[in-house]
Amino acid sequence: MKSEGMKIAAGLVTVALMTGAGSAQAVTWEIMGKLTVEHALQTPQELLSLEGTPFSAYLSYDENASPTSTPSPEFTNYGNQGSFKVNTEMGTATGAFENLQTYIFVGPITHASNFNGYGSQVGLTGPIASLGLVTQAFDFQFQDLPLGGTGGLSDFALPSELNLNEFNGSNFIRLSFLSAEGNPLDTRLLGVMDSVSAIPEPQTYMMLLAGLSLLGWRLRHTRGG
């Protein structure tokens with residue numbers, strides 16, 4: 001009886017986890033690396049001090065989103081989709097993506113793909129917010145260059161899995177600032193990626209807890225019987 005009860009409970013846990021995994025809509029990626037500073041004469045010294053320091057960035061979006069436009073068979077837009085958060089030693093930048101885009105071109109010799117996002121409404125918290133800068137935009141890119149190989153994106157959908165080893169091009173996150181005087185292309189914090197990993201959504205943990213609760217209940221019920 002106990003063995004049979006444990007088998008049933010294990011089956012319930014498996015079903016719960018499979019259901020949770022299948023129904024997940026959102027995906028969040030954690031990106032970690034080091035910052036480089038593209039600067040001008042107007043760049044504050046505080047931002048220059050961020051050269052070589054670590055950052056963490058979080059990109060969230062609906063991996064099952066429907067395209068808002070498809071300019072060409074190779075190019076797909078996803079408007080007003082997802083959010084971002086970037087943590088640096090000088091503070092945090094957050095905002096929403098105005099657009100996510102996937103691009104892929106496959107020919108008889110070449111292969112190229114690109115996954116990128118952009119947002120112009122960037123909020124700053126921490127010391128970085130007191131430097132008198134105007135936030136211009138946040139953007140990121142995963143790029144596979146046309147070198148005749150395979151990798152990067154394999155279709156026109158937003159990727160639900162990312163692996164830096166599959167992209168051999170320019171992979172970065174970037175915060176762009178203007179000085180208080182509005183000088184164009186004043187300062188850019190460019191994040192060079194060292195790692196990217198998926199963070200399970202809260203509903204995944206909830207389904208795990210539900211499965212474990214069912215397991216405990218079933219074991220108690222079996223012992224009581």
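Here, residues in each chain are numbered from 1, in the same order as that chain's written sequence. pLDDT decides what is reported in this predicted model: residues at 70 or higher carry local features, side-chain atom pairs at 80 or more are listed and counted, and totals for whole chains, interfaces and linings draw on all residues regardless. With hydrogens and water stripped out, all remaining heavy atoms of the structure feed into the side-chain values.

Participant: So what's going on with the overall build of the protein chain? Which residues, and what values?
Facilitator: Scanning the protein chain from terminus to terminus reveals three helices and twelve strands. By residue count, 40% of the 225 residues in the protein chain fall in the buried class. We call two residues in contact whenever any of their non-hydrogen atoms come within 4.5 Å of each other. Counted over contacts in the protein chain with a minimum sequence separation of 6, partners at least 24 positions apart contribute 68%. Only the protein chains shown count as cover for residues, with accessible areas throughout obtained via the Shrake-Rupley method and a probe of 1.4 Å. Of the roughly 11,900 Å² that the protein chain leaves accessible, carbon and sulfur atoms contribute 58%. Helical segments are the DSSP runs of H or I of at least four residues, strand segments are the runs of E of at least two, and each set is numbered from the N terminus. Residue exposure (1.4 Å probe, protein chains only): buried if accessible area is under 20% of the type maximum, exposed if over 50%, otherwise partly exposed.

Participant: Account for the confidence of the model for the protein chain, naming residues and giving values.
Facilitator: For any part of a model where pLDDT is low, the fine detail of the predicted coordinates should not be relied upon. On a range of 0 to 100, pLDDT expresses the predictor's confidence in each residue. On average, the protein chain scores 80 in pLDDT, and the residues at 70 or more come to 73%. This stretch, residues 5-24, has a pLDDT under 50; its non-local contacts, to residues over four places away or in other chains, come to 20 contacts.

Participant: Any details on the sheet that holds strand 12 (residues 187-199)? Residues and values, ideally.
Facilitator: Strands are treated as partners if at least two bridges between them are detected by DSSP. Pairing in this open sheet of twelve strands is antiparallel, and the strands run 3-4-7-8-10-11-12-1-2-5-6-9 from one edge to the other. A strand with exactly one partner marks an edge of an open sheet, and here the two such strands are strand 3 (69-72) and strand 9 (122-125). The average undirected angle you get between the axes of adjacent strands in this sheet is 20°. Every axis in this analysis is a line fitted to C-alpha atoms, fitted for helices over the stretch in contact. Angles between the N-to-C directions lie between 0 and 180 degrees.

Participant: Report on the pairing of strand 11 (residues 172-178), specifying residues and quantitative values.
Facilitator: Most of strand 11 sits inside the fold, with seven of its seven residues counted as buried. Direction of pairing for strand 10 (residues 134-144) relative to strand 11: antiparallel, over a ladder of seven bridges. Note that in strand 11 the partner of Gln 141 across the bridge is Phe 172.

Participant: I'd love a proper account of the packing of aromatic side chains, names of residues and values included.
Facilitator: Between 30 and 60 degrees the pair is tilted, below 30 it is stacked and above 60 it is edge-to-face, where a pair is any two Phe, Tyr or Trp rings, Trp via its six-membered ring, whose centres lie within 6.5 Å. Under the defined criterion, the tally for this structure stands at nine aromatic pairs. Three or more aromatic residues joined by ring pairs form one cluster here, namely Tyr 61, Phe 84, Phe 97, Phe 115, Phe 138, Phe 140, Phe 142 and Phe 167.

Participant: Lay out the environment of Gly 91 with the relevant residues and their values.
Facilitator: By the element assignment, Gly 91 lies in strand 6 (residues 91-96). Remark: the alpha-carbon pair of Gly 91 and Leu 124, spanning 33 residues in sequence, is separated by 7.2 Å. Excluding residues within four positions of it along the chain, Gly 91 makes contact with Val 86, Thr 125, Gly 126, Pro 127 and Ile 128.

Participant: Give a detailed account of the environment of Tyr 103, specifying residues and quantitative values.
Facilitator: Locating Tyr 103 in the fold gives a position in strand 7 (residues 99-106). Residue Tyr 103 is classed as partly exposed on the basis of its relative accessible area of 32%. Each C-alpha atom of the pair Tyr 103 and Ser 154 lies 9.9 Å from the other, and the pair is 51 residues apart in sequence. Leave out the neighbours within four places in its chain, and Tyr 103 touches Glu 74, Phe 75, Ala 112, Ser 113, Asn 114 and Leu 153.

Participant: Can you tell me about the nonpolar core, naming the residues and giving the values?
Facilitator: Throughout this description, the term nonpolar core refers to a set of buried Ala, Val, Leu, Ile, Met, Phe, Trp, Tyr and Cys residues connected via side-chain atoms within 4.5 Å. In this structure, Ile 31, Phe 138, Phe 140, Phe 142, Ile 173 and Leu 189 are the most contacted members of the largest nonpolar core, which totals 38 residues. When contributions to this core are tallied by element, the ones reaching two or more residues are strand 1 (26-38), strand 2 (54-62), strand 5 (83-88), strand 10, strand 11 and strand 12. Per-element accounting of this core gives the leading share, five residues, to strand 1.

Participant: A description of the pattern of salt bridges should follow, citing residues and the corresponding values.
Facilitator: Each salt bridge in this description consists of a side-chain nitrogen of Lys or Arg and a carboxyl oxygen of Asp or Glu lying within 4 Å of one another. Here the structure, examined in full by the defined rule, presents one salt bridge. Between Asp 139 and Arg 174 there is a salt bridge; the shortest N-O distance is 2.6 Å. With Asp 139 in strand 10 and Arg 174 in strand 11, this residue pair connects regions lying 35 residues apart in the sequence.

Participant: Explain the side chain of Asp 139 to me, using residue names and the numbers behind them.
Facilitator: Owing to a relative accessible area of 14%, Asp 139 belongs among the buried residues under this scheme. Within the structure, Asp 139 has its side chain in polar contact with the side chain of Arg 174 (distance 2.6 Å). Discounting residues that sit within four places of it in the chain, Asp 139 has contacts with Gly 117, Tyr 118, Phe 172, Ile 173 and Arg 174. Polar contacts here mean pairs of N or O atoms no more than 3.5 Å apart (in protein, one a potential hydrogen donor and the other a potential acceptor; neighbouring residues in sequence count only if both atoms are side-chain atoms).

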